[in-house]
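Each chain is listed here by its residues.
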Amino acid sequence: MLPEQHHRAWVATQQYNMSFGEYVGALIDRAAGLPNKLDGMHQEALPIAEAS
């Protein structure tokens, strides 16, 4: 990992409130086409009335 990549990853972990390991794991899952924490964060939550 290049220093610039490491810094960008560190900034992203702060933005997403994730550990470095969680962030890298999410990237690996995303690259494999699997559900991951990063993509799940961008989904809108249903209003409570519609969640049932």
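The model shown is predicted, which means the values in this text are computed figures rather than measured ones.

## Here's the deal with the packing of aromatic side chains
And then number 1: Taken as a whole, this structure holds one aromatic pair when the rule is applied.
And then number 2: Geometrically, the ring pair formed by tyrosine 16 and tyrosine 23 is stacked, given 6.4 Å between the ring centres and 20° between the ring planes.

## Some remarks on the nonpolar core
And then number 1: Of all hydrophobic cores here, the largest spans seven residues; its members are Ala9, Ala12, Tyr16, Met18, Tyr23, Ala26 and Leu38.
And then number 2: Elements supplying a minimum of two residues to this core: helix H1 (3-16) and helix H2 (20-31).
And then number 3: No other element matches the three residues that H1 contributes to this core.

## Re the environment of lysine 37
And then number 1: Mapped onto the fold, lysine 37 is located in helix H3 (residues 37-40).
And then number 2: Spatially, the C-alpha atoms of lysine 37 and glutamate 22 are 8.2 Å apart, while their sequence positions differ by 15 residues.
And then number 3: When sequence neighbours within four positions are dropped, the list of residues in contact with lysine 37 reads Met18, Glu22 and Ala26.
And then number 4: A polar side-chain atom of lysine 37 sits 2.7 Å from a polar atom in the side chain of glutamate 22.

How each quantity is defined
Along every chain, residues carry numbers that run from 1 in the direction the sequence is written. Given that the model is predicted, a residue must reach a pLDDT of at least 70 before its local features are reported, and side-chain atom pairs must reach 80 or more before they are shown or counted; all residues, however, enter totals for whole chains, interfaces and linings. Hydrogens and waters are ignored; side-chain quantities use all the structure's heavy atoms. Between rings of Phe, Tyr and Trp, where Trp is taken as its six-membered ring, a pair exists when centres lie within 6.5 Å; planes separated by under 30 degrees are stacked, by over 60 edge-to-face, and by other angles tilted. Among the buried residues, those of types Ala, Val, Leu, Ile, Met, Phe, Trp, Tyr and Cys that are joined through side-chain atoms within 4.5 Å form a nonpolar core. Under the scheme applied here, a residue whose accessible area is under 20% of the maximum for its type counts as buried, over 50% as exposed, and between as partly exposed, the area being computed with a 1.4 Å probe on protein chains only. The numbering of helices and of strands both runs from the N terminus, where a helix is a DSSP run of H or I of at least 4 residues and a strand a run of E of at least 2. Contacts are assigned to residue pairs with any non-hydrogen atoms lying within 4.5 Å of each other. N or O atoms within 3.5 Å of each other form a polar contact, as long as, within protein, one can give a hydrogen and the other can take it, and as long as residues adjacent in sequence are counted only when both atoms are side-chain atoms.

In short, shape yes, function no, at least from these values alone.
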